[in-house]
Structures are given as C-alpha cells and as structure tokens.
Amino acid sequence: MEKELKDIRTHHLKVIEDKLIELITHKNRILAVQSEEIGEFKKNFDEFKPLTQIIQKTTRECLSDFQSKLDEADRQAIQQFHQQQDQLEYHASRLNQQQNQIQSIQELFEQQTRSRLQIAEMQKAKDRMLIELQQTKEELEQKKFLKQQLMNNFKLSQQQQIQLQQELKDTENQKRYWNNLLQEAKGSIRVYCRVRPNSQEDMLLLNGECTLVLRVPERFLKSTNCQKESSFNFEHIFSQEADQQEIYNELSDLVQNVVDGHNVCIFAYGQTGSGKTYTMQGDDFHKGVIPRAVEQIFKERQGMLELGWQMNIRVGFQEIYNEQSRDLITNQKCDEVKLLDIKDIVEVADHFNTAKKNRQVADTLSNEASSRSHFIFQLNLQGHLGDKQINSTLNLIDLAGSERANVAKTEGDRFTETKAINKSLSALGDVFNALYTKQQHVPFRNSKLTFSLYKYMEGSSKTLMMVNISSRSEDFQQTLASLRFAEKVKSCSIKK
C-alpha cells in the first residue's frame with residue numbers, strides 16, 4: 001500500500017514538473033520572439049521613431065497581459081498542486097483507517113477464535129446442565145406434590161395458629177387476673193425479713209420459713225424475770241445463707257403484677273449496715289432486686305410485643321436527702337422526677353450507674369459507706385392493645401439506715417442527716433399505722449418520702465417491705481426495733 005502511495009506521489013510530481021517545463025519553454029519562445037522583434041525595432045528605430053512610443057506602449061501592454069496570464073498559470077499550477085497534495089493526504093488518511101480496520105479485524109478474528117473455544121466449553125457445560133436440569137425437574141415435580149400437601153396442611157395450621165394466638169391472649173389475660181387475685185390473697189401489704197449475709201447468728205433462731213426467735217443478750221437483761229426471747233412471724237424469712245436469686249424468686253410475682261397493670265412498692269428497711277443496698281442493688285457479682293426486676297420486665301415486654309402490644313418504658317432515679325427531693329440523673333433539686341424514655345437494658349444500666357455516683361453516702365460508726373438518703377428507682381410501664389391499656393409503676397426504694405444518733409455517735413452534718421432520716425422513717429411508720437388502724441386520713445404529706453409514693457400505695461397497689469436485720473448481739477436494740485416496726489406493718493392493708 002505504501003508503495004502504491006509513493007508511485008502516485010511520483011506520478012503527480014512528474015506531471016507538475018512537465019507542466020512547469022512546458023510553461024517555461026513557452027515563456028522562453030515568447031521572450032525570443034520579443035527579442036527579435038525588439039532587434040528589428042531597434043534597427044528600424046529611426047525609421048519608425050514616430051511609432052516607437054506606440055510600439056512601446058503596445059509592448060508594455062502585451063508584456064503586462066502576458067505577465068497576467070503567466071501569473072494566472074502559476075496560480076492554477078499551485079492550486080492544482082495543493083489539490084493534489086490534499087488528495088494525497090486524504091488517501092494517506094484512508095490508508096491509515098484501512099490499516100486500523102485490518103488490525104481490528106485481526107483482533108476480532110482472534111477474539112472470535114477464543115469465543116469459539118469458550119462456546120465449545122459452554123456447550124459441554126450446557127449438556128451437563130441439561131442433564132442436571134432434567135434431574136432437578138424430576139425433583140421439582142416431587143416437591144410440587146409435597147408442596148401441595150404442605151399447603152393443605154398449612155391452611156389448616158394457619159387456622160390453628162390464629163386459634164392458638166387467641167387462646168394465648170386469653171391465657172395471658174387469665175394469667176394476669178389470677179396472678180392479681182393471688183397477690184391480693186397474699187396481702188396488699190406484706191413483710192419479708194432477711195438476716196444480713198455473712199454474719200454470725202448469735203442471738204437469732206429461725207424456726208422454718210416464717211418464724212424467727214430473737215434471744216435477748218444477757219447484758220440487755222434488766223433482771224432474771226425479764227423475757228429472754230421474742231418470737232416474730234412474717235410471710236417469709238431469709239437466713240444469711242439465702243442468695244440474691246432466692247430472694248428475687250420470692251419477689252418476682254410482685255414484679256409480674258406491674259406487668260399486669262398494678263402499682264407496686266418494694267422497700268428495703270433496716271438499720272445502717274444491715275444489707276439493704278446489697279439486697280436492692282447487689283454488686284458486680286451478685287445482682288440485686290433492681291437489675292433483676294428490670295431484666296424481668298424487659299423480657300415480659302418482649303413477649304407482649306410479639307402478641308401485638310405497643311409498649312413504652314420510662315425510668316426515673318430520685319433521692320430524698322434532708323427532706324429535699326433531687327433528680328439523680330440531672331443532679332438537680334426537683335419537686336417531681338422526670339421519667340426518661342428507655343430503649344433497652346443497657347440504657348437503664350448507664351443511668352443507674354450515674355444515679356449511684358450522685359447518691360449521698362458518708363462514713364459513720366455503723367457503716368463506712370452509709371447511705372444518707374432514701375433512694376427511689378421508678379419504672380413506669382405503659383402499653384395498649386386495642387381497647388386494653390396498661391399504665392403501672394414499679395417503685396424500688398432503698399431506704400436510708402434507721403439508726404439512733406447516740407448509737408451511731410453522729411455529729412455535725414451527719415447528726416442533721418440522721419435526724420432527717422429518722423423523721424421520714426417515723427412518718428412512714430405513721431402512714432402504715434394509719435392504714436393499720438383504718439384511719440380516714442392517712443398522713444402521706446408528713447414527709448417528702450411518703451408524699452412521693454402516696455399514689456403508688458393506694459387502690460390496687462401492692463407494697464412489700466424487706467426488713468434487713470443484723471444478728472450481732474451489739475445490734476440487739478436496733479434489730480428489735482426493726483422487727484417490731486415490721487410486725488406492725490404486716491398488720492396493715494392498702495386503702496382502697
């Protein structure tokens with residue numbers, strides 16, 4: 001192809017060269033003729049002098065005309081040259097395009113060769129797939145038959161499932177109804193007693209699960225005729241060997257009562273150092289009532305969600321210190337604690353840790369980390385399913401230690417705190433006494449503690465007091481006071 005292009009170029013250049021030679025030869029002949037004429041003119045100049053000017057003028061005109069023709073011939077020759085050059089470039093471009101096309105065709109040919117090999121492999125795979133498809137078709141025919149049988153069974157199962165779901169809802173409703181009747185039968189106010197773990201029982205004797213005998217240490221006997229022991233009966237008494245799980249197993253029905261739509265208050269009462277905070281909060285290795293109750297409610301909530309309930313959980317952490325209410329999350333004084341919407345147990349645990357850090361504790365003779373305030377954990381459960389609604393609150397209260405100022409030997413701020421604690425505990429006793437004697441007026445407003453809880457201690461509400469006692473002989477007087485207080489609470493009932 002390149003050789004043909006070169007021959008074409010050579011041919012065109014030769015044609016142009018011949019044209020130029022022809023033009024130059026023609027020009028030279030004209031110039032020769034002109035020279036001869038000029039010579040004759042010179043010879044006859046004198047003879048034709050009058051005509052010289054005319055001849056010169058004519059010559060100039062001829063020369064001008066010739067020059068114009070010559071220029072036009074040059075212009076045309078150059079134009080033809082450029083046209084031929086453009087044609088050469090066009091043919092060269094076409095030649096490059098053809099070369100590219102040839103290369104593309106070669107690549108396409110190679111690709112088609114590879115494709116033919118792949119097609120051959122695919123044909124083999126296709127044959128294998130046809131065999132597998134035939135086998136699959138046979139299996140599908142079998143499965144189709146089985147599916148039809150399953151569909152027939154499934155239609156029956158769906159009807160059974162709807163019936164079972166309705167029966168489950170009815171069962172849940174009956175469960176709530178009978179559980180509430182059971183809790184009411186056990187008493188709207190009940191008292192449990194727990195002997196402080198890891199202490200020697202040198203003055204206590206447990207007679208079964210409901211009876212406790214308190215022996216009077218000799219140094220407290222005023223005479224030999226004095227009563228040497230006192231017997232107390234409660235719904236349940238836990239020895240010092242009872243672990244946290246055993247304690248909660250006895251309380252879980254009350255927590256379930258909250259899920260069923262009733263308010264519940266659980267108090268931890270007792271002297272400083274008797275194990276109230278351990279019972280309610282536990283430690284890193286032994287969870288207390290509060291974390292276990294939260295776990296139970298979230299578990300029950302999940303079951304209710306699966307039955308179609310819309311549920312919402314809110315929590316609040318309150319401290320009553322020196323008759324002042326404080327929100328332990330914001331760490332600000334408040335008249336009423338703001339309940340926080342909660343998504344999961346982890347969020348509750350985070351708020352719980354914040355509240356524990358903000359609670360007032362101090363070192364006293366009775367306890368090196370004595371709780372100097374009442375701690376109230378509230379969990380509000382709201383839900384609805386159709387026309388059924390739930391709005392109930394669980395109150396878990398870790399009361400400040402009941403102690404005598406002269407025994408704890410407090411002074412200054414600790415003495416002021418002790419007075420405020422004993423005043424509020426006395427007001428709580430007055431409330432239970434008013435309930436016990438069935439008074440028209442129950443003095444809930446006599447302290448910040450009782451006023452904060454009054455709406456959760458009326459109607460269908462349930463209240464449990466866990467009295468924590470020490471078995472040490474040096475704590476005899478405060479243990480006896482706690483047991484007598486608990487015995488009085490046991491005789492009370494919720495005001496309807």
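If you look the protein chain up in an unreviewed UniProt entry, it shows as Kinesin-like protein from Paramecium tetraurelia. For the protein chain, the Sequence similarities (unreviewed entry) comment in UniProt is given as "Belongs to the TRAFAC class myosin-kinesin ATPase superfamily. Kinesin family."

S.K.: Explanation requested: the overall build of the protein chain in the structure shown.
M.R.: The helix and strand tally for the protein chain stands at 10 helices and 15 strands. Within the protein chain, the fraction of its 496 residues that count as buried is 37%. Looking at the protein chain alone, contacts between residues at least 24 apart form 72% of all its contacts between residues at least 6 apart. In the structure as shown, the protein chain presents an accessible area of about 30,600 Å², 50% of it carried by carbon and sulfur atoms.

S.K.: Got a minute to help me understand the packing of aromatic side chains in this structure?
M.R.: Aromatic ring pairs are reported here in terms of the distance separating the ring centres and the angle at which the planes meet. Throughout the structure, instances matching the rule amount to 10 aromatic pairs. Consider the rings of Phe267 and Phe432, whose centres lie 6.3 Å apart with planes at 75°: the pair is edge-to-face. Taken as a pair, Phe267 in strand 6 (residues 264-270) and Phe432 in helix 8 (residues 413-436) lie far apart in primary sequence, 165 residues in all. We note that Phe267, like Phe432, is buried. Ring geometry for Phe317 and Phe375: centres 6.4 Å apart, planes at 45°, overall tilted.

S.K.: What should I look at first to understand the sheet that holds strand 3 (residues 211-215) in this one?
M.R.: The strands making up a sheet associate through backbone hydrogen bonding, with each pair oriented either parallel or antiparallel. Pairing is antiparallel across the open sheet formed by three strands, whose spatial order is 2-3-4. Bordering the open sheet on either side are strand 2 (204-207) and strand 4 (229-233), each of which pairs with just one other strand. Ignoring which end each strand starts from, the neighbouring axes of this sheet average 20° apart.

S.K.: When you look at the pairing of strand 13 (residues 374-385) in this model, what are you seeing that I'm missing?
M.R.: Regular strands show a simple pattern: their side chains alternate between the two faces of the sheet. Of all 12 residues that make up strand 13, nine are buried, and the element is covered over most of its length. Across 11 bridges, the pairing between strand 7 (residues 310-321) and strand 13 is antiparallel. Opposite Ile320, over in strand 13, you have His374 as the bridge partner. Note: strand 13 against strand 14 (residues 388-398), 11 bridges, orientation antiparallel. From the neighbouring strand, Asn380 faces strand 14, where its bridge partner is Thr393. The hairpin turn running from strand 13 into strand 14, its antiparallel successor, is two residues long, and Gly386 in that turn takes a positive phi close to 65°.

S.K.: Explain the pattern of salt bridges here, please?
M.R.: Once their charged atoms are close, side chains differing in charge can pair, the charge on each being opposite to the other. Tallied over the full model, the rule gives seven salt bridges. With a shortest N-O distance of 3.7 Å, Arg472 and Glu474 are connected by a salt bridge. The class for Glu474 is partly exposed, based on a relative accessible area of 46%. Look at the salt bridges and you will find they share partners, linking Arg472, Glu474 and Asp475 into a network.

S.K.: How should a negative patch on the surface be read in this particular structure?
M.R.: Residues Glu209, Asp243, Glu246 and Glu250 make up a contiguous surface patch of negative charge. You can see Glu250 is positioned in helix 3 (residues 244-259). Under the relative-accessibility criterion, Glu250 is labelled partly exposed at 31%.

Cut-offs used in this document
- Residues numbered from 1 in each chain as written.
- Predicted model: local features only at pLDDT ≥ 70, side-chain atom pairs only at ≥ 80, totals over all residues.
- Heavy atoms only, no water.
- UniProt positions renumbered as here; feature names shortened; annotations may be inferred.
- Helix = DSSP H or I, 4+ residues; strand = E, 2+ residues; numbered from the N terminus.
- Buried < 20%, exposed > 50% of the residue type's maximum accessible area, 1.4 Å probe, protein only.
- Contact = heavy atoms within 4.5 Å.
- Areas by Shrake-Rupley, 256 points an atom, 1.4 Å probe, with all protein chains shown as cover.
- Phe/Tyr/Trp six-rings, centres within 6.5 Å; stacked < 30°, edge-to-face > 60°.
- Pairing = 2+ DSSP bridges.
- Axes fitted to C-alpha atoms, helices over the stretch in contact; angles between N-to-C directions.
- Salt bridge = Lys/Arg side-chain N within 4 Å of Asp/Glu carboxyl O.
- Patch = residues over 30% accessible without salt bridge, like charges linked within 9 Å, V, L, I, M, F, W, Y side chains within 5 Å.
- Lys, Arg positive; Asp, Glu negative; His and termini not counted.
- Charge placed at Lys NZ, Arg CZ, Asp CG, Glu CD.

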